[in-house]
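# Geometric and topological summary
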Amino acid sequence: RENTPKTLRELSEFLLHSESASVIPQVQGTLRVAKEIAKSDPEFVHRMSAVILNNLKLARRYVARKVDVDLLYFQATQITGDLDGILDRHPSAWRPWVGGIQVHGLACHHEAVLDPVPAAQIASELQQRLSSPNGAWTMEVWAGRQEKAIGTGWA
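The sections below set out a description of the structure shown in this document. (Residues numbered from 1 in each chain as written. Predicted model: local features only at pLDDT ≥ 70, side-chain atom pairs only at ≥ 80, totals over all residues. Heavy atoms only, no water.)

## Remarks on the overall build of the protein
The helix and strand tally for the protein stands at 5 helices and 2 strands. Tracing the protein from N to C terminus, the helices and strands come up as α-α-α-β-β-α-α. By residue count, 21% of the 155 residues in the protein fall in the buried class. A fraction of 60% describes how many contacts in the protein between residues 6 or more apart in sequence connect residues 24 or more apart. Summed over its atoms, the accessible surface of the protein is roughly 11,800 Å², and 58% of this surface lies on carbon and sulfur atoms. (Helix = DSSP H or I, 4+ residues; strand = E, 2+ residues; numbered from the N terminus. Buried < 20%, exposed > 50% of the residue type's maximum accessible area, 1.4 Å probe, protein only. Contact = heavy atoms within 4.5 Å. Areas by Shrake-Rupley, 256 points an atom, 1.4 Å probe, with all protein chains shown as cover.)

Right, dumping it as structure tokens:
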């Protein structure tokens, strides 16, 4: 607690350079990629830090509004890292912002949701929903909106 980052810049530095942050799987992957890229581009880590800082600033200014839609939530059920107090991974965190929530558990951790087995589960559920009469209607409405958007130049 005494070493908790107080500013966005400190948080960015913590995530990129702290020994304790390296136990967070998301940070581990980022650090591996950053170190590899830094071999040929020494300024990469500095630029990445600037991007992280900017993204955090944007996130702080963002004001979410409720949308009247149901959320199909794919939840990685294996928790890695201790992000409590930083990130709410529970589907209920979305409740104030959507009409309803339908949760589908995936037996993996967040970083593995696009591995072959969980990705196939996601694809199967989406295919089933999009091929249903309601799903097909939704896709037709969306396609119509896209055509209209392209025709008016605001796509």
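## Let's talk about the pattern of salt bridges
Taken as a whole and judged by the stated rule, the model has 3 salt bridges. For Arg-47, the salt bridge goes to Asp-41, with nearest N and O atoms at 2.5 Å. Owing to a relative accessible area of 41%, Arg-47 belongs among the partly exposed residues under this scheme. A salt bridge links Arg-129 to Glu-125; the shortest N-O distance between them is 2.8 Å. Remark: Glu-125 and Arg-129 occur in helix H4 (residues 116-131); sequence separation between them is 4 residues, near one turn of the helix. (Salt bridge = Lys/Arg side-chain N within 4 Å of Asp/Glu carboxyl O.)

## A look at H4
Taking 1.5 Å of rise per residue, the 16 residues of H4 would be expected to cover 22 Å, and the 22 Å separating its terminal C-alpha atoms lies within 8% of that figure. Among the residues of H4, Pro-118, Ile-122 and Glu-125 are the ones counted as buried. End-on view of H4: buried residues confined to an arc of 65°, all on one side of the axis. More than 90 degrees from the buried face of H4, the exposed residues found are Pro-116, Val-117, Gln-127, Gln-128 and Ser-131. (Expected span 1.5 Å × (residues − 1). Arc of directions from axis to C-beta.)

## A few points about helix H3 (residues 44-61)
With 18 residues, H3 extends 26 Å between its outermost C-alpha atoms, agreeing within 8% with the 26 Å of an ideal straight helix rising 1.5 Å per residue. Listed in full, the buried residues belonging to H3 are Phe-44, Met-48, Ser-49 and Leu-53.

## So, the environment of Ala-112
Note that Ala-112 resides in the loop between strand S2 (100-106) and H4. For the pair Ala-112 and Ala-76, spaced 36 residues apart in sequence, the C-alpha to C-alpha distance is 8.3 Å.

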